[in-house]
Amino acid sequence: GWAHEQQITIRALQQGTIALGSKRGVSSHQMTPFCVLTSGSPQEEHGRCWGFSLLYSGNWLMEIELSQTGCVRVNAGINPSQFSWDLRPQDTFESPE
């Protein structure tokens, strides 16, 4: 039911890529484009964490990758699945925030 919105899922990063996303095409409460990366177990008043969020939740993809050297990369934006945009020379494209 609606009372179970925005439930926290905790997942340890392992080498490779974790992908979160939606292809619904409309904003909803069912899959929010947001994640928090933590170093250890942060508490309310101490610890390290980094938050990532997109304002548009209609068609998005967020990828979190842990390399073999321990580096973490986050890529977030429009989901390329089922998306195309014809840009002619000198045209520009502004994505949603």
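Asker: Can you break down the packing of aromatic side chains residue by residue, with the values?
Answerer: Counted by the stated rule, this structure contains 3 aromatic pairs. Measuring from ring centre to ring centre gives 6.5 Å for Phe83 and Trp85, while their planes differ by 15 degrees; the resulting arrangement is stacked. When the centroid spacing of 6.0 Å and the interplanar angle of 55 degrees are considered together, the rings of Phe83 and Phe93 count as tilted. One end of the pair, Phe83, is in the segment after strand E5 (72-78); the other, Phe93, is in the segment after E5, with 10 residues separating them in the sequence. One aromatic cluster in this structure is built from Phe83, Trp85 and Phe93.

The rules behind the values
Residues numbered from 1 in each chain as written. Predicted model: local features only at pLDDT ≥ 70, side-chain atom pairs only at ≥ 80, totals over all residues. Heavy atoms only, no water. Phe/Tyr/Trp six-rings, centres within 6.5 Å; stacked < 30°, edge-to-face > 60°. Helix = DSSP H or I, 4+ residues; strand = E, 2+ residues; numbered from the N terminus.

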